[in-house]
Amino acid sequence: MPFDFSTVPDRRNTGSLKWDKYAGRDILPLWVADMDFLSPPPVMEALCARAEHGIYGYTVPNDEARATVVEYLQRQYGYAIKPEWIVWSHGLVPALSIACRAYAKEGEGVMVCTPVYPPMLSCPVNMGRKLIAVPLKLENEQWSFDWPALEKAVTPDTRVFILCSPHNPIGRVWSREELGQVAQFCAKHNLVLVSDEIHCDLVLDDIAKHTVTASLGPEVEARTLTQMAASKTYNLPGLACAFSVIADQKLRSAFVQAAQGLVTEINAFGYAGTIAAFQHGEPWRRELIAYLRANRDFLYEFVKARLAPLKLVPMQATYLAWIDARALGVDNLQKFFEDAGVGLSPGSIFGEEGRGYVRLNFGCPRATLEEALVRMERAVKGKRP
Ligand SMILES: Cc1ncc(COP(=O)(O)O)c(C=O)c1O
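In short, a report on the structure. Everything numeric in this text was worked out from a predicted model, so none of it was measured. (Residues numbered from 1 in each chain as written. Predicted model: local features only at pLDDT ≥ 70, side-chain atom pairs only at ≥ 80, totals over all residues. Heavy atoms only, no water.)

## Describing the overall build of the chain
- Looking only at helices and strands, the chain features 14 helices and 15 strands.
- In terms of overall dimensions, the chain is globule-like: its C-alpha atoms have a radius of gyration of 21 Å, near the 21 Å expected for 385 residues.
- Along the first, second and third principal axes, the C-alpha set of the chain runs to 60 × 55 × 35 Å.
- Counting every position in the chain, which comprises 385 residues, the buried fraction comes to 56%.
- Contacts in the chain between residues at least 24 apart in sequence constitute 74% of all its contacts with a sequence separation of at least 6.
- Total accessible area on the chain stands at roughly 16600 Å², and carbon and sulfur atoms take up 53% of it.
- Between the mean site of the 41 positive side-chain charges and the mean site of the 43 negative ones, the chain shows a separation of 4 Å. (Helix = DSSP H or I, 4+ residues; strand = E, 2+ residues; numbered from the N terminus. Rg over C-alpha atoms; globule rule 2.2 N^0.38 Å. Buried < 20%, exposed > 50% of the residue type's maximum accessible area, 1.4 Å probe, protein only. Contact = heavy atoms within 4.5 Å. Areas by Shrake-Rupley, 256 points an atom, 1.4 Å probe, with all protein chains shown as cover. Lys, Arg positive; Asp, Glu negative; His and termini not counted. Charge placed at Lys NZ, Arg CZ, Asp CG, Glu CD.)

## Section: the nonpolar core
- Of all hydrophobic cores here, the largest spans 76 residues; its most connected members are Leu73, Leu310, Phe337, Leu360 and Phe362.
- With eight residues, the top contributor of residues to this core is helix α12 (residues 282–306).
- Each residue touching Leu360, except ones within four places of it in the same chain, is listed here: Leu30, Leu299, Tyr319, Leu320, Ala321, Ile323, Leu344, Leu369, Leu373 and Met376.
- Counting 29 residues, the second largest nonpolar core, distinct from the first, contains Leu92, Ile162, Ile198 and Leu225. (Core = buried A, V, L, I, M, F, W, Y, C linked by side-chain atoms within 4.5 Å.)

## Some words on the pairing of strand β12 (residues 320–324)
- Taking burial as the measure, the five residues of β12 include five buried ones, the bulk of the element.
- Across the two faces of β12 the burial is the same, with Leu320, Trp322 and Asp324 and Ala321 and Ile323 all buried.
- Pairing analysis gives two bridges linking strand β11 (residues 311–312) to β12, with the strands arranged antiparallel. Note on β12: the bridge partner recorded for Leu312 is Ile323.
- With five bridges connecting them, β12 and strand β15 (residues 357–361) associate as antiparallel partners. Bridging from a neighbouring strand, Ala321 pairs with Leu360 of β15. (Pairing = 2+ DSSP bridges.)

## So, the site of the ligand
- Taken together, Ala33, Gly91, Leu92, Val93, Tyr117, Met120, Cys164, Asn168, Asp196, Ile198, His199 and Lys232 form the complete shell of residues around the ligand.
- The separation between a nitrogen atom of the ligand and a polar side-chain atom of Asp196 is 2.6 Å.
- Contact between the ligand and Lys232: an oxygen atom at 2.9 Å from a side-chain N or O atom of the residue.
- Taking 400 Å² as the accessible area of the ligand by itself, protein coverage stands at 88%.
- Its residues assigned to classes, the shell around the ligand shows seven nonpolar, three polar and two charged. (Near = heavy atom within 4 Å. Polar contact = N/O pair within 3.5 Å; in protein donor to acceptor, adjacent residues only side chain to side chain. Nonpolar A, V, L, I, M, F, W, Y, C, P; charged D, E, K, R; others polar.)

## Here we look at unusual backbone geometry
- In this model, Ser165 is joined to Pro166 through a cis peptide bond whose omega is -10°.
- Residue position: Pro166 is located in the loop between β7 (158–164) and α7 (176–188).
- Here the residue pair Ala308 and Pro309 is connected by a cis peptide bond, since its omega of 15° sits within 30 degrees of zero.
- Positionally, Pro309 belongs in the loop between α12 and β11.
- Backbone geometry places Asn190, a non-glycine residue, at a positive phi of 55°.
- Relative to the helices and strands, Asn190 resides in the loop between α7 and β8 (192–196).
- Its relative accessible area of 55% is what places Asn190 among the exposed residues.

## Examining the sheet that holds β11
- With antiparallel pairing, the four strands of this open sheet are ordered in space as β11-β12-β15-β14. Each edge of the open sheet carries a strand with a single partner, namely β11 and β14 (345–346).

## Some remarks on empty space enclosed by the protein
- Applying the stated rule across the entire model yields three cavities of 30 Å³ or more.
- Taken together, Trp143, Pro169, Ile170, Leu312, Val313, Met315, Leu320, Ala321 and Trp322 form the lining of the largest cavity.
- When residues of the lining of the largest cavity are assigned to their parent elements, the largest contribution, three residues, is made by β12.
- Here the lining of the largest cavity is built from residues that sort into nine nonpolar, no polar and no charged.
- Put simply, the second largest cavity is a space of about 40 Å³.
- Contributing to the lining of the second largest cavity are Val112, Cys113, Val116, Met120, Phe145, Ile162, Leu163, Cys164, His167 and Trp174. (1 Å grid on protein atoms, 1.4 Å probe; cavity = no way out; pocket = protein on both sides within 12 Å on 5 of 7 lines; lining within 4 Å. Points joined across faces, edges and corners; volume = space filled by probe spheres on them.)

## Overview of the packing of helix α4 (residues 92–103) against helix α5 (residues 119–126)
- Axis separation between α4 and α5 bottoms out at 9 Å; the angle between their running directions is 45°. What the angle tells us is that α4 and α5 run oblique. Where α4 crosses over α5, the handedness of that crossing is right-handed. Contacts from Val93, Leu96, Ser97 and Cys100 in α4 reach Pro119, Met120, Cys123 and Pro124 in α5.
- Of the residues contributing to the contact of α4 with α5, the split by class is seven nonpolar, one polar and no charged. (Axes fitted to C-alpha atoms, helices over the stretch in contact; angles between N-to-C directions. Parallel < 35°, antiparallel > 145°, perpendicular 65-115°, else oblique. Left-handed = near helix turned anticlockwise from the far one by under 90°.)

## With respect to the packing of aromatic side chains
- Going through the model one piece at a time under the given rule, you end up with 20 aromatic pairs.
- Judged by centre distance (5.0 Å) and plane angle (75°), the rings of Phe336 and Phe337 are edge-to-face. For the pair shown, Phe336 and Phe337 are each scored as buried.
- Between the NZ or CZ atom of Lys21 and the centre of the ring of Trp31, over which it lies, the distance is 4.5 Å. (Phe/Tyr/Trp six-rings, centres within 6.5 Å; stacked < 30°, edge-to-face > 60°. Lys NZ or Arg CZ within 6 Å of the ring centre and 35° of its normal.)

Bear in mind that shape data such as this cannot, by itself, settle questions of function.
In structure tokens:
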């Protein structure tokens, strides 16, 4: 069944975080990770059905919600879990903060590799934990972990390693081997491994395959929290529903304890949307991937042919492109491109080494992407001597 990713309703004045940022200004928003596509029809139908019920009381995850996640992980990733391992939350950002609170005491260390999704830098700090940020390395157009640097940075009071898999913003799909190295490092230093896999169903590469970190084996599973949601893939972040899979009973109890008073009942529509997306969204997801691939290829070609000196390292997953604009020599890249009519995420919010980069969200109709790139070209050409 063909789905239409090219025509979308106007999102202005709908309370959209992405679009309202530039209300009243002619700026195309290609920043926050939220796509300008309608959700799959079965999701819309499930939400309408839930709305028609008319009673919106406190809602708890039922057997169907749990069974749907169990079935989804088995089907997509061959990962077998038990329903009682699932802990729901309003989003993965609160779950990240809760994990910092649960597994590290105040002042103890939480490690993360940069550049990375900004809340992974701020949540540990907001919780009063010590952030240990270690840069990834870029060699021969390939990002990877810098093991000597990680070994040097880890301290005896480091307790948690936050993994972003696939990695936002560099778009890497970590191989089984790399994930094994992460797991080994965590075992060696006795770290809880928080594996944020929210982008797992957005692999664009033909060859790369996502592996659920915890599925590597029982020892890895016993120290790992798998954090996921249907929200990125099926474009439902506004439904505020995510889940953590925690196999180890002690880790799970500590997480639930740390969440007391912070996470209460989740949005009733969140469960309805998640269930419908995982049960019936796959045909839509496949077409989404094809559309995003074509957008990514269009973006690659455009950057190469018309946006020099901007550069783009090939990416394997997500709809977020990490563009190297260092050669442009512009201090405030966000303002530079906003002045040209395009709203991008400034690289500096992803960590110190993100300075000089911008992140562009190409989860939008091709026409929007093309118009944004033409505007960027004008700005870049105007900058050239
Ligand atoms: C890696 C990663 N984790 C979590 C989130 C957001 O999670 P939530 O909206 O469930 O809080 C994002 C959003 O872009 C993300 O990229």
